[in-house]
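A structural walkthrough
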Amino acid sequence: MLANQAAINRTAMNRTAMNTRATAFQANRVSEVSSYDQWLMFTVIALLSLSVVMVYSATITVDSRTLDINFNPLIKHLLHIGLGSVLLFMAASIRMNWLAAASKALLLIGLLLLVVVLFPGVGVEVNGSIRWIDLGGIRFQPSEFMKIAGIIYFADYLARKREDLHLFKVGIINTGLVVGAIGVLLLLEPDFGTAVVITTAIAGMMFLAGVRFWHFLIGLSMVVMLLASIMWMEPYRVARLLSYRDPWADPYGNGFQLIQALIAIGRGEWFGVGLGSSIQKLFYLPHASNDFLIAIIGEELGAVGIFGVLTLFTLLLFRAFAISHRALQLGQRFSGFLAQGIGLLFALQAGVHIGVNTGLLPTKGITLPMMSHGGSSMLISMAAVGLLFAVDRQSRPQPGGRRCEAPDQK
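Described in the following lines is the structure provided in the data block. What you see is a predicted model; the values in this text were computed from it and never measured.

Let's shift gears to the packing of helix α6 (residues 142-160) against helix α14 (residues 375-393). Contact geometry for α6 and α14: axes closest at 8 Å, N-to-C directions at 20 degrees. Relative to α14, α6 is oriented roughly parallel. Taking contact as the criterion, the partners of Glu144, Phe145, Ile148 and Ile152 in α6 are, on α14, Ser376, Ser377, Ile380, Ala384 and Leu387. Among the residues making up the contact of α6 with α14, the classes are represented as six nonpolar, two polar and one charged.

To continue, consider the packing of aromatic side chains. This model, assessed by the stated rule, comprises eight aromatic pairs. Seen in terms of ring centroids, Tyr56 and Phe71 are 6.1 Å apart; in terms of plane orientation they differ by 5 degrees. Their pairing is stacked. Here Phe71 lies in the loop between α2 (38-59) and α3 (72-92) and Tyr56 lies in helix α2, a separation of 15 residues in the sequence. Under the relative-accessibility criterion, Phe71 is labelled partly exposed at 38%. Arranged with centres 6.5 Å apart and planes meeting at 50 degrees, the rings of Trp270 and Phe307 form a pair that is tilted. Placement of the pair is Trp270 in the loop between α11 (256-268) and α12 (293-329) and Phe307 in helix α12, with a sequence separation of 37 residues. By way of ring pairs, the aromatic residues Tyr153, Phe154 and Tyr157 are connected into one cluster.

Within this structure, the stated rule accounts for nine salt bridges. Arg267 serves as the salt-bridge partner of Glu299, at 2.4 Å between the closest nitrogen and oxygen. With a gap of 32 residues between them, Glu299 in helix α12 and Arg267 in helix α11 connect regions that are remote in the sequence. Residues Arg326 and Asp392 are paired through a salt bridge, measuring 2.4 Å at the closest nitrogen-oxygen approach. Residue Arg326 is located in helix α12, and its partner Asp392 is located in helix α14; the two are separated by 66 residues in the primary sequence. Residue Arg326 is classed as buried on the basis of its relative accessible area of 17%.

The next subject is the sheet that holds strand β2 (residues 129-135). Spatial ordering of the open sheet is given by β1-β2-β3, a layout of three strands whose pairing is antiparallel. In this open sheet, the two strands that pair with only one neighbour each are β1 (123-126) and β3 (138-140). Strand-to-strand, the axes of this sheet are offset by a mean angle of 50 degrees, without reference to chain direction. For β1 and β2, the ladder comprises four bridges, and the chain directions are antiparallel. Bridge pairing in β2 places Val126 opposite Ser129.

Conventions we followed
- Residues numbered from 1 in each chain as written.
- Predicted model: local features only at pLDDT ≥ 70, side-chain atom pairs only at ≥ 80, totals over all residues.
- Heavy atoms only, no water.
- Axes fitted to C-alpha atoms, helices over the stretch in contact; angles between N-to-C directions.
- Helix = DSSP H or I, 4+ residues; strand = E, 2+ residues; numbered from the N terminus.
- Parallel < 35°, antiparallel > 145°, perpendicular 65-115°, else oblique.
- Contact = heavy atoms within 4.5 Å.
- Nonpolar A, V, L, I, M, F, W, Y, C, P; charged D, E, K, R; others polar.
- Phe/Tyr/Trp six-rings, centres within 6.5 Å; stacked < 30°, edge-to-face > 60°.
- Buried < 20%, exposed > 50% of the residue type's maximum accessible area, 1.4 Å probe, protein only.
- Salt bridge = Lys/Arg side-chain N within 4 Å of Asp/Glu carboxyl O.
- Pairing = 2+ DSSP bridges.

Keep in mind these numbers describe shape, not what the thing actually does.
If you want it as structure tokens, here you go:
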């Protein structure tokens, strides 16, 4: 009797162990399948898909002699997305400790490129600005590289100096010197919009990292006064500011782009005039596929389309901060600050682009990340998203219920 009961108990224990192993196996399979942030992946795919559609719509033209459709801009855009996807997967496989160790070198390379682009015969001038380097027919914009290089450098700096950020020298002066060098080189091109975006993103990183509030206010006030002084030193910047306040005062000069953008958004109303039916893209609105892409989205897809783009970038910022929070909880300071910086960079650049197109901000030439037509912008944006996936991968639970090590812990 006792022997039969013992046999029954052993059988029950074996079944329990088998069920436990099966449950663990299923959990491991789920963890393997969900080894990336699915909401972030959805956001990236949605932005790129909408980008292909809208860039094609904004750049499609018909040759008046042959009536052939020009597919060249679309082909280039798809090529940029393809190369950017390669960079995304490469960046997603980078170990954070390696990236942190290379942060100073990346910053120096970025500064060197910003200097080289100013050399006569090296930098390519377009519309009065020298922002591109011609690499055998391929134009590269160093300021785009500096965006991500600056974020990487300051993520490493804030991680290393986390305990000393309450000191004014560490939190404000040292960072101010580096940001100032970047800003001066960008303004020499000139590229005022990118200088503002980079400065604001780094300021946001410093605030979130724990710089003393009154130190932060002092530094921010100094930056605002400096940027305002630089703007008032150049007559064309003053003219743009005045035209932003009243673009109809100079409808065929400084106010032309903003007026055409507002006409496009006004025509779209709530639901748009229909995909491909924009009139403003037909030689009325300059740079319709890059600097003023959101205006074409507003005309063809309406306010609903603009709100949809805003929602996608808000979701991207939310996921970046969620990934950052998980990394910081594990003590991965560099990874956490890097994710914050990338999220802020995307949100600020998208905000400035939409603000310029809708007349909320003075007119500046700045692209919509992961959407506008432009090789340098697309490649750097995709690489930055790849780094977000790298932080996510190295801070989430792995198969077996264990967590990744914190190789970049400071």
